[in-house]
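Each chain, written out:
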Amino acid sequence: MAQWLQLQKLDSRYLEQVDQLYDDSFPMDIRQYLSRWIESIDWDTVAVQDSLATVRFHNLLVQLDDQHSRFALENNFLLQHNIRKIRRNLQDRFQEDPVHMAMIISRNLKEEKKILEKVKMTEQEAQGTVSAMVVEKQKLDNKVKDMKDRAQVADQNIKNLEELQDEYDFKVNTLKSRGNEVNGMTAKELEQEKMTVGRMCLELKAKRQDVVMQLTELLNVAQALLSDLISEELPEWRQRQQIACIGGPPNACVDQLQNWFTSVAESLQQVRQNLKKLQELEQKFTYDSDPIPQKKAYLEARALDLLKNLLSNSLVVERQPCMPTHPQRPLVLKTSVQFTVKLRFLVKMQEFNYQLKVKAMFDKDMTEKKGFRKFNILGTNTKVMNMEESNGSLVAEFRHLQLKEQKVAGNKTNEGPLIVTEELHSLSFESELQLNQSGLNIKLEAISLPVVVISNVCQLPSGWASILWYNMLTTEPKKLKFFLNPPTAKWSQLSEVLSWQFSAVTQRGLNQEQLHMLADKLLGARAHRNPEGEIPWIKFCKQQSANEKAFPFWLWIEGILDLIKRHLLSLWNDGSIMGFLSKEKEKALLSTKCPGTFLLRFSERSREGAITFTWVEHDVHDKPLFHSVEPYTKKDLGAVSLPNIIRTYKVMAAENIPENPLRFLYPDVPKDKAFGKYCPEPSEAPEPMDVENVPDKFSYLKTVLISVSEVHPSKLQDNMMPMSPGGYNTLCQDVSPEEMNAAESADI
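Residues numbered from 1 in each chain as written. Predicted model: local features only at pLDDT ≥ 70, side-chain atom pairs only at ≥ 80, totals over all residues. Heavy atoms only, no water.

A.B. asks: Quick rundown of the overall build of the protein chain? Include the residues and the values.
C.D. replies: Scanning the protein chain for helices and strands turns up 23 helices and 20 strands. Each of the 748 residues in the protein chain was classed as buried or not, and the buried ones make up 42%. (Helix = DSSP H or I, 4+ residues; strand = E, 2+ residues; numbered from the N terminus. Buried < 20%, exposed > 50% of the residue type's maximum accessible area, 1.4 Å probe, protein only.)

Spelled out as C-alpha cells, the structure:
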C-alpha cells in the first residue's frame, strides 16, 4: 500500500504529527494530489544533485499543471485557484534553489516512515500483550468448558444409571413373581432370565463405578480450576485494579472473572445434586463392593469444601472507595465528605439474591496500629446484596458513607509515628452465607486497598502521592505501616506512573523526551536516566531543603496537572506544549531554528503550576539569542487564554513600535496555524437595547487584553530582537562598517 494511503488510515494523534510536517513552504495539498509521483522518486539522490533537482522541480510543476487541468474538467474553480497559488509560491521559493525543495520532500518522507514504524511497533507491542492475555483467557475458557462438559456427561450417565436400575428392579421382581407361580416358567426359561438379570447386575455395577469415577475426576478438574482462579486470576485482577486506580489501563475483566467463578460454583452444586441422586439409588439397591457408600461421604465433603473455598473468596471490592467530588483520586477520603464503594459477589446465582447482608467496618484491626488516628463510619454501613437489572450481577453499593475522627480527650494533636497523609487505613466488609441444603455458614470478607484520610482538601495532593507510591510498589492490601520505612522506587516504575497521571486526565501521556527531563531532575544528570536508578520517597514527595521557595517534586507535577486541566487541556492534547525540558535542551532545540521560533514549557520554579514560552532570534553575527517571558499562572490564564496571549504578545523597548516576536511554534509550524483554531474572531457586539433617555449613538469602546514585555534600552542588545534584515540593509547604506564597529565598542 502507498505510504500516503497508510498515513491517512492512522489515528488522529498520529495524523497530527503528519500535519506538523507540512506548512506553506511545501503544502500538504501537493503531497495529497501528487502522492504516487512523489513516492516514485528517489529524493535522497535528488537532494545532492543540483541538475537533477532542477529537473525534478520542473517535473513537479508539470504535475501541478496536469492536476489543474483535471480540476478544470471538473469545473472545480476553488481547487483550480488553490493549485495556481501553490504553483506560484513554489516558483517563488524554489526556482533558484530546487535542492532545498528536494531536501524538504526527502525529510518529510523519512519522517512519515518513522511515524508509520512507530505505529507498527506500538501495535505489535499491544498485540503481543493482548495476544498473551487472550491465550491465557482461552486456556481458562477451555478448562471451564471441559469441566462443564464433564458435569453434563456425568449428569446424563446418572440418569442412564437410574433408568438401568429401574429396569433391573423390574426384572428382578418379575423373575421372583413368575418363579413363585404354579404354572410358571420352565427351568430353561428361568435359567435364561436369571442370566439376563445377572448381566444387567454386572452392567449396573460397572456403570456405578464409572459414575463415581467421573464425579471424582470432575472434582479434580474443578479443584485445579479453582486453584487457578484463586491463586492466579483473582490476585492478577486485584493487581490490575490497583494499576487502574492510579491512572493505569482500565480494569474491565471482572465480568469474565464472575463467569468463571459462577461456572465452577454451578458445577460443584451439580456434583452435590448428583451425589444425592446416587444416595437414593443406593437406598434402593446396594451390594458388598458398592462404590457409592464407599465414596459418597468423601465426595460430598470434598465438593462442599471446594464450594466453601470458592464462595469465601467470591466477595470483592469492585469499585474502590472514592469521593464523587474527586473521581480521579480514589482511595483519598476527606472527613465529613461522602464517599462511595461497590462490592460484587462473583458467584451469580439466583439462590443467593437478597441472601447476603454486608457490613462495612473501618480499621477493623485497630489494635495493631497504636498511635494512628481513629475514625467512626457515619451513614448506612449495612447493605443487602441484590442482582443489578443491567447484567444480573450480585452487588452492594454504599453511596453515603462518611468518616468522622474520634477525638481523644486531652490530646488535640496527632502524635502518631506518621504524618496524616502517610497514615494508611482500611475499609473492610463482612457477610455470612448460609447454604440451605447443608446448613453450613460461610463467612465472607473483603478489604479495600489502603486509604488515606485527610481533613483538609489542601492535603489531597500529598495523600494522592502516598496512594501512588503504595500501589506502585506493593500488592499487599494490609501493609498499613508501609510508610514507617517506605521502599525506594525504580525510575522504570515511576516514569510509567507519572505518564499515567497525565493520560488519566488528558488524551496524552508523557513522551520519552519529557520523561528524560524528569529523570534528570530526580536522578541527576550523572545517572544517565538509568531505568534501575532508585528514587527515595523523601525525594519524591517531601521538601528536602530549608529554603522556603523549595517544594517537593510531586507537588510541582500536581500543580502542572491542575494547570493543564483548567486552562491548557486542548493545547496539551494536540501536542502544542512541549512541557518538560531543561533550559539547555531548550537552547539546543531552538538554536538552529529560524528567528521567531518558540516553544512552550512548564516553569520549574512555580509550585502552583505555570507555563512560559521561549523564542530565538539572531544578532547581526548570526548568534542565537533566547528570550523567555515570565511564566503565566492559573490566575493569568483565567483572564486571558494562552492562545490569545501568544497571538497578541508584544515586545516593547524605549520608543520602538511594539512587535510580536513569535512566528513559528517549534519546529516550524506557523503560529496562526497552530493556535488560530483556539482564537476565534470576536463577534460583533449586540446592539444595546432601546432604553429611554439613552442617546441613539451610545456605544462602548472595545478593549483587548494583551501581554507586553517591556525591555530597558540598556538590555536591548542582549535581550531584544535584532532589527529586521531590511532595516539592517537600510542602515548599512547610511552607516559605514567602521562607524558601526565604533558604536558597538562604545556600547560595550
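A.B. asks: Lay out the packing of helix 10 (residues 254-284) against helix 11 (residues 291-312) in plain terms, naming residues and giving numbers.
C.D. replies: In contact at an axis separation of 10 Å, helix 10 and helix 11 are set at 160° when each is read in the N-to-C sense. As summarised for this structure, helix 10 and helix 11 are arranged roughly antiparallel, according to the angle between their axes. For helix 10 against helix 11, the interelement crossing comes out left-handed. Residue-level inspection shows F261, V264, A265, L268, Q269, V271, R272, L275, L278, Q279 and E282 of helix 10 in contact with helix 11, the latter providing I292, P293, K296, L299, E300, A303, L304, L306, L307 and L310. (Axes fitted to C-alpha atoms, helices over the stretch in contact; angles between N-to-C directions. Parallel < 35°, antiparallel > 145°, perpendicular 65-115°, else oblique. Left-handed = near helix turned anticlockwise from the far one by under 90°. Contact = heavy atoms within 4.5 Å.)

A.B. asks: So what's going on with the nonpolar core? Residues and values would help.
C.D. replies: Counting residues in hydrophobic clusters, the biggest one holds 158 residues, and the most contacted among them are F345, L518, W554, F580 and F613. Core analysis: the second largest hydrophobic core is formed by 35 residues, I41, L90, A102 and V119 among them. (Core = buried A, V, L, I, M, F, W, Y, C linked by side-chain atoms within 4.5 Å.)

A.B. asks: Quick one: what's the story with the sheet that holds strand 14 (residues 597-602), residue by residue and with numbers?
C.D. replies: Spatially, 16-15-14-18-19 is the arrangement adopted by the five strands of the open sheet, whose pairing is mixed. The outermost strands of the open sheet, each flanked by one partner alone, are strand 16 (624-628) and strand 19 (669-670). Taken together, the two bridges between strand 14 and strand 18 (residues 664-665) define a ladder with parallel strand orientation. Following the sheet pairing, F598 is matched in strand 18 by L665. Along the sheet face, helix 17 (residues 583-590) touches strand 14, strand 15 (611-618) and strand 16 and points at about 160° away from the line of strand 14. (Pairing = 2+ DSSP bridges.)

A.B. asks: Run through the sheet that holds strand 10 (residues 440-447), naming residues and quoting values.
C.D. replies: Ordered by their spatial adjacency, four strands build an open sheet running 6-4-9-10, and the pairing between neighbours is antiparallel. Each edge of the sheet is formed by a strand with only one pairing partner; in this case those strands are strand 6 (382-384) and strand 10. With strand direction ignored, the average angle separating the axes of adjacent strands in the sheet is 25°. Bridging between strand 4 (residues 357-362) and strand 9 (residues 427-435) involves four bridges; their strand directions are antiparallel. Counted as the bridge partner of K359 is E430 from strand 9.

A.B. asks: Give me the confidence of the model for the protein chain: which residues, what numbers.
C.D. replies: Across the protein chain, pLDDT averages 83, with 84% of residues at or above 70. Segment residues 687-691: pLDDT under 50, and one contact once partners within four positions in sequence are set aside and those in other chains are kept. This stretch, residues 713-731, has a pLDDT under 50; its non-local contacts, to residues over four places away or in other chains, come to 26 contacts. (pLDDT = per-residue confidence, 0-100.)

A.B. asks: Got a sec to walk through the pattern of salt bridges? Specific residues and values, please.
C.D. replies: Summed over all chains, the structure comprises 32 salt bridges. Measuring nitrogen to oxygen at the nearest pair gives 2.5 Å for the salt bridge that ties D290 to R208. Placement of the pair is D290 in the loop between helix 10 and helix 11 and R208 in helix 9 (residues 187-245), with a sequence separation of 82 residues. Just as D290 is buried, R208 falls in that class too. Among the salt bridges present, the one from E318 reaches R344, with a minimum N-O distance of 3.1 Å. In this pair, E318 sits in strand 1 (residues 315-322) while R344 sits in strand 3 (residues 339-345), placing the two residues 26 residues apart along the sequence. By relative accessible area, R344 is classed as buried at 2%. (Salt bridge = Lys/Arg side-chain N within 4 Å of Asp/Glu carboxyl O.)

A.B. asks: For helix 11, give the residues involved together with the corresponding values.
C.D. replies: Across its 22 residues, helix 11 extends 31 Å between first and last C-alpha, which sits within 8% of the 32 Å expected from 1.5 Å per residue. Considering bend angle alone, the principal kink of helix 11 is centred on A297 and spans about 30°. Along helix 11, the positions that sit buried rather than exposed are P291, I292, K296, L299, R302, A303, L306, L307, L310 and L311. Buried-residue contacts for helix 11 involve helix 9, helix 10, strand 1, strand 3, strand 9 and strand 10. Capping the start of helix 11, D290 holds a side-chain oxygen 3.1 Å from the backbone nitrogen of I292, two or three residues further along. (Expected span 1.5 Å × (residues − 1). Bend = angle between axes of the 7 residues up to and from the residue. Polar contact = N/O pair within 3.5 Å; in protein donor to acceptor, adjacent residues only side chain to side chain.)

A.B. asks: How would you sum up unusual backbone geometry? Please name residues and give values.
C.D. replies: Cis peptide bonds are those with omega within 30 degrees of zero, and the linkage from Y666 to P667 qualifies with 5°. Considering the arrangement of structural elements, one finds P667 in the loop between strand 18 and strand 19. For N75, which is not a glycine, the phi torsion comes out positive at approximately 55°. Mapped onto the elements, N75 comes out in the loop between helix 6 (50-73) and helix 7 (77-94). Of note, Y354 is a non-glycine position whose phi angle comes to about 65°, a positive value. Within the fold, Y354 resides in the loop between strand 3 and strand 4.

A.B. asks: Go over the environment of I557, please, and point to the residues and values.
C.D. replies: As for its placement among the helices and strands, I557 is situated in helix 16 (residues 553-573). Overall, the relative accessible area of 0% leaves I557 in the buried class. For the pair I557 and L518, spaced 39 residues apart in sequence, the C-alpha to C-alpha distance is 9.9 Å. Those residues in contact with I557 that sit more than four places away from it in its chain are F502, L518 and F580.

A.B. asks: Explain the packing of aromatic side chains to me, and be specific about the residues and the numbers.
C.D. replies: Across all of its chains, the model carries 28 aromatic pairs by this definition. Between the aromatic rings of F613 and Y649, the centroid separation amounts to 5.1 Å while the plane-to-plane angle is 85°, which identifies the pairing as edge-to-face. Taken together, the residues F613 in strand 15 and Y649 in the loop between helix 19 (642-648) and strand 17 (650-653) connect sequence positions 36 residues apart. No difference in accessibility class separates F613 from Y649, as the two residues are buried. We note R508 situated over the ring of W572; from NZ or CZ to the ring centre the distance is 4.0 Å. Across the ring face of W556, the terminal group of K521 is positioned such that the distance to the ring centre comes to 4.7 Å. (Phe/Tyr/Trp six-rings, centres within 6.5 Å; stacked < 30°, edge-to-face > 60°. Lys NZ or Arg CZ within 6 Å of the ring centre and 35° of its normal.)

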